[in-house]
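# Understanding the architecture of this molecule
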Amino acid sequence: MSAHPLHHGDEPLSGQGMPLLYNLVYCSQASDGVGAAAVDHIIAASRRGNPPRGITGLLVFGSGIFFQWLEGPRDSVLALMSHLKKDPRHHNVVLLTSGEEVRERLFPDWDMELVTAEAVRDVLVDALDSAQDPRNADALRALLQRLDAGLLGDAARG
Ligand SMILES: Cc1cc2nc3c(=O)[nH]c(=O)nc-3n(C[C@H](O)[C@H](O)[C@H](O)COP(=O)(O)O)c2cc1C
C-alpha cells in the first residue's frame, strides 16, 4: 500500500491500488552559461508543467551535469522527454534506464526537486530507508550502485 496519498490523477491503478508507473533516468551536459539562475528557471517550469502531467521526480545538477529521475504515466513521461531533449540548455542527453512497473512513486511529493550532487546520495539513502515497496528498494539500490560506481562521481566532486 502506498504510504502517501496518490494525488496525481489519471494514472491507472493496479488491484493493490498502486499506480502503473513509467520511470526514466537520464543524464546530460549543461550548455555553456547554464548555471544556478537557469536551473531555477528549469525547476520553476517543471513545477508548473509536471503536476498536470502526473509527473514527479528529481533533478540533480553539479559540475555542469544534469541527472534527472522522472516518474509518471508512460505517455506523459515519454512526451516530456522528447520535449525536453530539444531544450537548448543541455545536450548530450544519455538515457540511463527506463521501465514500467506497478509500484509506489519514489518521490510522491516532489513535482521536481532540485538536489545538489553532494546531497543526492543522502536523498537516495533516505528514500531507501522509507521505501515500503520492495521494487522501490531494488530501484534505489541500483541507483546507489550506479552512484557509488562513479557514474556521478565527477558531479559529486562538484
Ligand atoms: C535538464 C532539464 C530538465 C527539465 N525538466 C523538466 C521537467 O521535469 N518538466 C518540465 O515541464 N520541463 C522541464 N524542463 C524544461 C523544458 O525543457 C521546457 O523548457 C518546459 O517544459 C517549458 O516548455 P514550453 O516553453 O514549451 O512551455 C527541463 C529542462 C532541462 C534543460
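Our subject is the structure listed above.
What comes next concerns the included structure. (Residues numbered from 1 in each chain as written. Predicted model: local features only at pLDDT ≥ 70, side-chain atom pairs only at ≥ 80, totals over all residues.)

Before going further, it helps to examine the site of the ligand. The ligand sits among 16 residues. The nearest are Ser46, Gly49, Phe66, Leu84 and Asp87. When contributions to the shell around the ligand are tallied by element, the ones reaching two or more residues are α1 (36-53), β3 (65-72) and α2 (74-84). Among the elements that line the shell around the ligand, the one with the most residues is α1, at 5 residues. When grouped by side-chain class, the residues that make up the shell around the ligand number 7 nonpolar, 7 polar and 2 charged. (Near = placed C-beta within 6 Å. Helix = DSSP H or I, 4+ residues; strand = E, 2+ residues; numbered from the N terminus. Nonpolar A, V, L, I, M, F, W, Y, C, P; charged D, E, K, R; others polar.)

The subject of this paragraph is the sheet that holds strand β1 (residues 20-30). The 5 strands are arranged β4-β1-β3-β2-β5 in an open sheet whose pairing can be described as mixed. Of all strands in the sheet, those bounded by a partner on one side alone are β4 (90-102) and β5 (113-116). Taken pair by pair, the neighbouring strands of this sheet meet at an average axis angle of 15°, ignoring direction. As paired strands, β1 and β4 are joined by 10 bridges and run antiparallel to one another. Residue pairing across strands places Gln29 opposite His91, the latter belonging to β4. Against the sheet, α1 engages β2 (56-62), β3 and β5, with an angle of about 165° to β2. (Pairing = 2+ DSSP bridges. Axes fitted to C-alpha atoms, helices over the stretch in contact; angles between N-to-C directions. Contact = placed C-beta atoms within 7 Å.)

This brings us to the pairing of β3. The buried fraction of β3 is high, at 7 of 8 residues. By the bridge criterion, 8 bridges tie β1 to β3 in an arrangement that is antiparallel. Directly across from Asn23, in β3, lies its bridge partner Glu71. Pairing analysis gives 7 bridges linking β2 to β3, with the strands arranged antiparallel. Paired with Gly57 across the bridge in β3 is Leu70. Two successive antiparallel strands, β2 and β3, enclose a turn made up of 2 residues, where Ser63 displays a positive phi of approximately 50°. (Buried ≥ 20, exposed ≤ 12 C-beta atoms within 10 Å, placed from the backbone.)

Looking at α2, one finds that the buried residues are Ser76, Val77 and Leu84. Burial along α2 is one-sided: seen end-on, the buried residues are contained in an arc of 95°. Away from its buried face, by an angle of more than 90 degrees, α2 presents the exposed residues Asp75 and Ser82. Contacts made by the buried residues of α2 are with β1, α1 and β3. (Arc of directions from axis to C-beta.)

In this structure, Asn23 sits in strand β1. The buried category is assigned to Asn23, around which 21 C-beta atoms lie within 10 Å. For the pair Asn23 and Glu71, spaced 48 residues apart in sequence, the C-alpha separation works out to 4.3 Å. Beyond its immediate sequence surroundings of up to four residues, Asn23 is in contact with Trp69, Leu70, Glu71, Ser98 and Gly99.

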